[in-house]
Amino acid sequence: MNNKVGYLIRTIRHLHVCGSKLGPNFRTTMRTYTLGISRRKSAIQSVNLRRFLLNVPPRRLEPSLRLLSQGVPVYSKGDATVQEQNATKTLLDEHVQSSSSAVDPLEEDRSVVEENLVVKSKRSQSQQFFDDLQKCTSPCDVLDLVSKYAISEKHCSSCFNAVWMLTKKLSEDQKRYEKQLMVEHPAFMQLCQCLMKNSRSMCCDDLVYSLHAVVKLEVPQNTQLVQTLLRVCQERLNEFDDRCVTVLAATLATMGKSRNVDALQAGLQLLVEQRIPKISNIFMLQSMMKCFGKDAPLSLKRKIEDRVLRELDHLTPLNAQNMFSALAAMNHCSILLLDASTNKIIESIHGFSFWQLIHVLKSCSILRYRNVALCSAIANYVTSHIYMWDTNQLVLLLSAFGGLRFRPVELMDILAEKVTSHPESLNLKYILGVLRVYSLLNHVPKCQNQEFLESLNGALNNYLTRISNVGLLKAVYSFCVLDYLPQPALSQLLQEDNLNELLKSDGLNKEQNEMMVHSVNVCLELDSPSFTKPATVFIKKPSSPLVSDLPEVQMALLKLLGDERMFQQNIQLPHDYNIDFEIKMDADRKKVLPVTEVDDPADAPDVQRVAVLCASPSAFCFGTRHPQGKLAMKMRHLKKLGYHVILVHYQEFKNLKKEEAIECLKGEIYSADAFPVSDVNLQDTI
């Protein structure tokens, strides 16, 4: 220990001599550091300075210097230790006194003036830096500034945020070009190193905004820069205020899974659970919802939901739009929040952009939230401002409606007219999108239906040399659902090599391809029997088992017809079609014939076959009784097989009273002028 004290005394004397030669600025600086009253320095600078001065471990030095500067005596074990520390204190006091007495008053005043000039100069340089930063027009301009100035931690954060703000305004091609120039710029590495070095001493705002900018600039997540910022955020998480927590949550929501991201999300989740009762900003709560995502525990989802519900009086239109995205990110369907947000969006529908409306509809699809008023308001707004939208935007909007099974009739008619007039405005992606939506929703334009389909067929023919086999199959299938056979596309699809490739797919794709190929085959046989097709290319699709159990309809038929022999249930037909109930009647549909008494071919002229199909709500367009494409195609084919088709909305039928259900079936089964004379018990039942 005596050796250390001696080394300390020699070092201070040496510095004192050097200081007298180097001038007043050095002496002032040394006096400031010795007395412990310097301005705040980073942790790295403090440690390095202490090691340079004393060459002892910082943990031993820090409390001694702090207490000595305060003039408080230090006591520890042993009188020798106390004497050594007192000697050190006396030596330091003498050094300070001698240094101060050796300085001439005029020289001291001059040093103070020079120090003030240095401070003002640094301040003016910093202000000049920020003025120049505002004039930058590209990321490389910002990096050029980094090369000219001495960058501090505040400058470093501002530079990254400026680069991000300038980059996000560019197009995708420009972004790729500018990012390439940014990475190749010699000052970029300097800026990254500065950020890593100063991250622990940054204020919380600068830290989280720097991480946000770095992530948005798509710096790889596995780099040392990103991982360092994530670890520092973990260490300082408890220091973050609500705004910092919000920015951090929004940043983490866009990042991929990793150990540091997962750890930070877990810590953020615990912090938010404690702060939820005090958070009143809806936007902050929504950012946290997006951050935690669908993996958040149900208890946390409900806590956030309850907190937002208490702030609904402050809900803005932008909050309402973000609410859909936030709930979709959490996969939490809160009807109360969605209904309140829907009302706010309907009130302010004219203030929303195209992409905001798209995001609302897509979020509704994810959450399976179907609101007729919301969909109708969006469709009516777009229709009334049709001049604002181009054809491609309308296709994207209709695709979003298709995800909700909502059929905006007027809007679809307008788009059909646009496509018929200018089919060249659609590329292959949008052609397939139009076909999918119109076939899915079973929409046939009121006017020029044939011209509309022919225009789409002509537009598709221009891409037959570039279209994939899967895309070709989807296009032909959609045409077939709409009762139209596109000859060139169909001929290309029927080539043996193309079909073999489609049917050799694995998993779910193979099952979907088989279903579409089978449907195309059925359409060729029933809709166009004269079409010549290869005999060996189509596979036989196995019949699906019949498991329908419809007790309400069965009971109503039994009451109406009086006997179980008057109808059959679960009938399997050719082409893998099945019907729930089959009734045989005379040609005028006035009398029901017992099944046991009729053994006639399917095309007997004096027998009318009636097929009763019971469909779930998912088989209809949302909010209507309009059948979707697959069900409409089945009904069309059953009619060509000789059936009179009765379509029953099963969910609504179950809600009818027994008398209403019987009356409903009676009106559908018998012709308008028929009277069921064979049913002797009918008057007693109704």
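Because the structure is predicted, anything quoted here is derived from the model rather than measured.

K.L.:
Help me understand the overall build of the chain in this model?
P.N.:
For the chain, the count of helices and strands is 33 helices and five strands. For the chain, the proportion of its 686 residues judged to be buried stands at 47%. In the form shown here, the chain has an accessible surface area of approximately 36,400 Å², with 52% of it arising from carbon and sulfur atoms.

K.L.:
Help me out: how do you make sense of the pairing of strand S4 (residues 607–615) in this one?
P.N.:
Residues in a regular strand project their side chains so that they alternate between the two faces of the sheet. Within S4, eight of the nine residues are buried, which leaves the element mostly enclosed by the surrounding structure. Taken together, the seven bridges between S4 and strand S5 (residues 643–649) define a ladder with parallel strand orientation. Among the inter-strand pairings, Ala615 is bridged to a residue of S5, identified as His649. Of the crossover connections in this fold, the one passing from S4 over helix H30 (residues 629–640) to the parallel S5 is right-handed.

K.L.:
Help me out: how do you make sense of the packing of aromatic side chains in this one?
P.N.:
Centre distance and the angle of the planes are the two values used to describe a pair of aromatic rings. Throughout the structure, instances matching the rule amount to nine aromatic pairs. Between Phe129 and Phe130, the ring centres sit 5.5 Å apart and the planes meet at 75 degrees, which makes this aromatic pair edge-to-face. When its relative accessible area of 0% is taken as the criterion, Phe129 is described as buried. A relative accessible area of 24% means that Phe130 is categorised as partly exposed. Members of the aromatic cluster, joined through ring pairs, are Phe354, Trp355, Tyr381 and Trp389.

K.L.:
What's the story with the pairing of strand S1 (residues 568–572) in this structure? I'm lost.
P.N.:
Across four bridges, S1 lies against strand S2 (residues 578–586) in antiparallel orientation. By the bridge assignment for S2, Gln572 is matched with Asn578. Hairpin connection from S1 to S2: five residues lie between these consecutive antiparallel strands, with His575 at a positive phi of about 65 degrees.

K.L.:
Teacher, can you tell me more about the packing of helix H25 (residues 469–481) against H30 here?
P.N.:
When two helices pack together, their arrangement is given by the angle between the helix axes and the distance between those axes. Between H25 and H30, the least distance of the axes is 9 Å, while the angle of their chain directions is 55 degrees. The angle between H25 and H30 places the two elements in the oblique class. Together, Tyr477, Cys480 and Val481 of H25 and Gly629, Lys630, Met633 and Arg636 of H30 make up the contact between the two elements. Of the residues belonging to the contact of H25 with H30, the class tally is four nonpolar, one polar and two charged.

K.L.:
Can you help me understand the side chain of His332 in this one?
P.N.:
Among the secondary structure elements, His332 is positioned in the loop between helix H17 (317–330) and helix H18 (335–347). Classification of His332 by relative accessible area gives buried; the value is 11%. Sequence-distant contacts of His332, defined by excluding residues within four places in its chain, comprise Leu298, Lys301, Glu305, Leu327 and Leu367.

K.L.:
How do you make sense of the nonpolar core when you look at a structure like this?
P.N.:
As a rule of thumb, soluble globular proteins bury nonpolar side chains together. Ranked by size, the top nonpolar core spans 166 residues in total, and within it Phe160, Phe240, Leu248, Leu268 and Phe401 carry the most contacts. Beyond its immediate chain neighbours, meaning those up to four positions away, Phe160 contacts Phe188, Leu191, Cys192, Leu195, Ala213, Val214, Leu217 and Leu225. Grouped together as the second largest cluster of nonpolar side chains are 24 residues, Met585, Cys614, Ile646 and Tyr670 included.

K.L.:
Just to check I follow, could you spell out unusual backbone geometry for this structure?
P.N.:
Leave glycine aside and you will find that most residues have negative phi; peptide bonds, for their part, are mostly trans. The phi angle at Arg368 is positive, at roughly 55 degrees, despite the residue not being glycine. Position of Arg368 relative to the elements: it lies in the loop between helix H19 (354–367) and helix H20 (372–384). Its identity is not glycine, yet Arg589 carries a phi of approximately 55 degrees, on the positive side. Considering the arrangement of structural elements, one finds Arg589 in the loop between S2 and strand S3 (592–593).

K.L.:
Help me understand the packing of H17 against H19 in this model?
P.N.:
Look at H17 against H19: their axes get within 8 Å of each other, and the N-to-C directions meet at 35 degrees. Read as a crossing pair, H17 and H19 show a hand that is left-handed. Contact residues: Leu318, Gln321, Phe324, Ser325, Leu327 and Ala328 in H17; Gln356, His359, Val360, Ser363, Cys364, Ile366 and Leu367 in H19. In terms of residue class, the contact of H17 with H19 is made up of eight nonpolar, five polar and no charged.

K.L.:
What am I meant to see in the pattern of salt bridges here?
P.N.:
Side-chain pairs of opposite charge can arise where the charged atoms are in close proximity. This structure, assessed with the given rule, holds 16 salt bridges. For Asp242, the salt bridge is made with Arg275, and the minimal N-O distance between the two is 3.6 Å. Remark: Arg275 occurs in helix H14 (residues 259–275) and Asp242 occurs in helix H13 (residues 242–252); sequence separation between them is 33 residues. When salt bridges with common partners are traced through the structure, they connect Asp483, Asp527, Arg636 and Lys640 into a single cluster.

K.L.:
It is not clear to me how the state of the cysteines should be interpreted in this structure. Could you clarify?
P.N.:
Here is the idea: a disulfide is a covalent bond, and it sits between the sulfur atoms of two cysteines. This structure, assessed with the given rule, holds zero disulfides. Free cysteine: Cys480, not disulfide-bonded; nearest cysteine sulfur from Cys523 at 4.5 Å.

K.L.:
I'm lost on helix H32 (residues 658–669) in this one. Help?
P.N.:
In an α-helix there are 3.6 residues to a turn, and that puts residues three or four apart on one side. Spanning 12 residues, H32 covers 17 Å between terminal C-alpha atoms, matching the ideal 16 Å at 1.5 Å per step. Buried within H32 are the following residues: Ala661, Ile662, Leu665 and Ile669. Buried residues along H32 cover an arc of 95 degrees about the axis, so they all sit on one side.

K.L.:
How do you make sense of the environment of Thr465 when you look at a structure like this?
P.N.:
With respect to the element layout, Thr465 can be found in the loop between helix H24 (449–461) and H25. Taking the C-alpha atoms as reference points, Thr465 and Gln492, 27 residues apart in sequence, are found 9.7 Å from one another.

K.L.:
I would appreciate a short explanation of the confidence of the model for the chain in the present structure.
P.N.:
Low pLDDT marks regions whose predicted coordinates should not be analysed in detail. In the predicted model, the chain carries a mean pLDDT of 78, and the fraction of residues at 70 or more is 75%. Across residues 14–122 the pLDDT falls below 50, and counting only partners more than four positions away or on other chains, this stretch makes 67 contacts in the model. Ignoring residues within four places in sequence, the model shows residues 674–686, a span with pLDDT below 50, making 22 contacts including any to other chains.

K.L.:
Please explain the environment of Asp390 as it appears in this structure.
P.N.:
By secondary structure assignment, the location of Asp390 is in the loop between H20 and helix H21 (391–403). By relative accessible area, which is 42% here, Asp390 ends up partly exposed. Considering only alpha carbons, one finds Asp390 and Ser425, 35 residues apart in sequence, at a separation of 9.6 Å. A distance of 3.3 Å separates a polar atom in the side chain of Asp390 from the backbone nitrogen of Asn392.

K.L.:
Hey, could you run me through helix H15 (residues 282–292) in this one?
P.N.:
Within H15, nine of the 11 residues are buried, leaving the element largely enclosed by the surrounding structure. Buried residues along H15 sit against H13, H14, helix H16 (298–309) and H17. Backbone nitrogen of Phe283 and a side-chain oxygen of the N-cap are separated by 2.9 Å at the start of H15; the cap is Asn281. Phi for Gly293, located one or two positions after H15, is positive at around 70 degrees.

K.L.:
Is there a simple way to explain the side chain of Asp527 in this structure?
P.N.:
Inspection of the secondary structure assignment puts Asp527 in the loop between helix H28 (507–526) and helix H29 (551–561). On the basis of relative accessibility, which here comes to 19%, the residue Asp527 falls in the buried class. A distance of 2.6 Å separates the side chain of Asp527 from the side chain of Lys640, its partner in a polar contact. What Asp527 contacts, discounting residues up to four positions off in sequence, is Asp483, Val522, Arg636, His637 and Lys640.

K.L.:
Where do I start with the environment of Glu184 in this structure?
P.N.:
Considering the arrangement of structural elements, one finds Glu184 in helix H9 (residues 172–184). Under the relative-accessibility criterion, Glu184 is labelled exposed at 53%. Sequence separation of Glu184 and Cys140 is 44 residues, and the distance between their C-alpha atoms is 9.8 Å. For Glu184, the side chain forms a polar contact with the side chain of Gln180, separated by 2.6 Å.

Conventions we followed
Residues numbered from 1 in each chain as written. Predicted model: local features only at pLDDT ≥ 70, side-chain atom pairs only at ≥ 80, totals over all residues. Heavy atoms only, no water. Helix = DSSP H or I, 4+ residues; strand = E, 2+ residues; numbered from the N terminus. Buried < 20%, exposed > 50% of the residue type's maximum accessible area, 1.4 Å probe, protein only. Areas by Shrake-Rupley, 256 points an atom, 1.4 Å probe, with all protein chains shown as cover. Pairing = 2+ DSSP bridges. Right-handed = clockwise from strand over helix to strand, strands pointing away. Phe/Tyr/Trp six-rings, centres within 6.5 Å; stacked < 30°, edge-to-face > 60°. Axes fitted to C-alpha atoms, helices over the stretch in contact; angles between N-to-C directions. Parallel < 35°, antiparallel > 145°, perpendicular 65-115°, else oblique. Contact = heavy atoms within 4.5 Å. Nonpolar A, V, L, I, M, F, W, Y, C, P; charged D, E, K, R; others polar. Core = buried A, V, L, I, M, F, W, Y, C linked by side-chain atoms within 4.5 Å. Left-handed = near helix turned anticlockwise from the far one by under 90°. Salt bridge = Lys/Arg side-chain N within 4 Å of Asp/Glu carboxyl O. Disulfide = S-S within 2.5 Å. Expected span 1.5 Å × (residues − 1). Arc of directions from axis to C-beta. pLDDT = per-residue confidence, 0-100. Polar contact = N/O pair within 3.5 Å; in protein donor to acceptor, adjacent residues only side chain to side chain.

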